[in-house]
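Below, each chain spelled out in residue letters.
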Amino acid sequence: MDTGSSVTRLRKAMSAIWQETFGDDADYVDRYLENYDADDNRIVICKQDEVVAFLHYHRFDTGDFTASYIFGVVTVPHYRGSGIARGMISGAMKCMNQHGDIFAMLIAEEESLRSWYATMGFAALSETPVRVSGSDGLSFDNDDTNLNIALYRIVNVERYLELYASRHAEACFDVMFIDGMIPANNACYSVARGRVQVSDWNCDNYRRMSPGELLLTYPIECNVSEIIIPTSSSSQ
């Protein structure tokens, strides 16, 4: 199998769908795919050997935590509303969890999209616009910076609570975390004296929380205003 030819065909298919969906020109899309697309940061769904949906996610480090930026989520019209995009996002977030990321992060400029992402636990931690670009200067966000409000979603609860506890040594609470998209997070967590303990499910007296509820009830200060995405070492 000619792997190089396969990647070229895949990128050609993704480029055509991207341009039709988002209206970006071919030079922009092809530059992105050439420099930032790789086997380990894309999820592609095919039906009858045709690409019908895909997304990319890019890891970054703020100095306080690592997270991954979800970018270019697209499903062709015939398959929209079938749960494919939600499944791809769930798959990407499971990978982030395994890599030790604390958050998935994205930018959604339309209110309908923000509402849809909220059903998966995404929420804003700050109203400060975030600029996202590649290390070669390629823009990963909107031209109107006022639309660049980042939405965050907890993907690794234990690491998130460890960060929260380190910043709030006075905090003391117990939660039973329920995550339908990342089952590895499902457990009971106790926060006290700056530490986190994880236990099994025999904790019915704990407060039940979903990802969005935990993020909004116990938020951390997040002052990220600029993110630089490195080019993919395996994109060529």
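Residues numbered from 1 in each chain as written. Predicted model: local features only at pLDDT ≥ 70, side-chain atom pairs only at ≥ 80, totals over all residues. Heavy atoms only, no water.

Visitor: Break down the pattern of salt bridges for me, with residues and values.
Guide: In the structure shown here, the tally under the stated rule is 9 salt bridges. For the salt bridge of Asp136 with Arg31, the shortest nitrogen-to-oxygen distance reads 3.4 Å. Taken together, the positions of Asp136 in the loop between strand E5 (131–134) and strand E6 (150–154) and Arg31 in helix H2 (residues 26–36) put the pair 105 residues apart, joining distant regions of the chain. The exposure class assigned to Arg31 is partly exposed, which follows from its relative accessible area of 34%. (Salt bridge = Lys/Arg side-chain N within 4 Å of Asp/Glu carboxyl O. Helix = DSSP H or I, 4+ residues; strand = E, 2+ residues; numbered from the N terminus. Buried < 20%, exposed > 50% of the residue type's maximum accessible area, 1.4 Å probe, protein only.)

Visitor: Give a detailed account of the packing of aromatic side chains, specifying residues and quantitative values.
Guide: Taken as a whole and judged by the stated rule, the model has 19 aromatic pairs. Taking 6.0 Å as the distance between ring centres and 70° as the angle between the ring planes, the aromatic pair formed by Tyr164 and Phe173 counts as edge-to-face. Overall, Phe173 belongs to the buried group, its relative accessible area being 8%. (Phe/Tyr/Trp six-rings, centres within 6.5 Å; stacked < 30°, edge-to-face > 60°.)

Visitor: Break down the state of the cysteines for me, citing the residues and quoting the values.
Guide: Summed over all chains, the structure comprises 1 disulfide. The disulfide bridge from Cys188 ends at Cys203, spanning 1.6 Å between sulfur atoms. Of this pair, Cys188 sits in strand E8 (residues 187–192) while Cys203 sits in the loop between strand E9 (195–199) and strand E10 (207–209); the two residues are 15 residues apart in sequence, bridging distant segments of the chain. An identical accessibility class is assigned to Cys188 and Cys203; each is buried. Take Cys46: it sits in no disulfide, and the sulfur closest to it among the cysteines is that of Cys95, at 17 Å. The exposure class assigned to Cys46 is partly exposed, which follows from its relative accessible area of 44%. Residue classification places Cys95 among the partly exposed residues on the basis of a relative accessible area of 26%. (Disulfide = S-S within 2.5 Å.)

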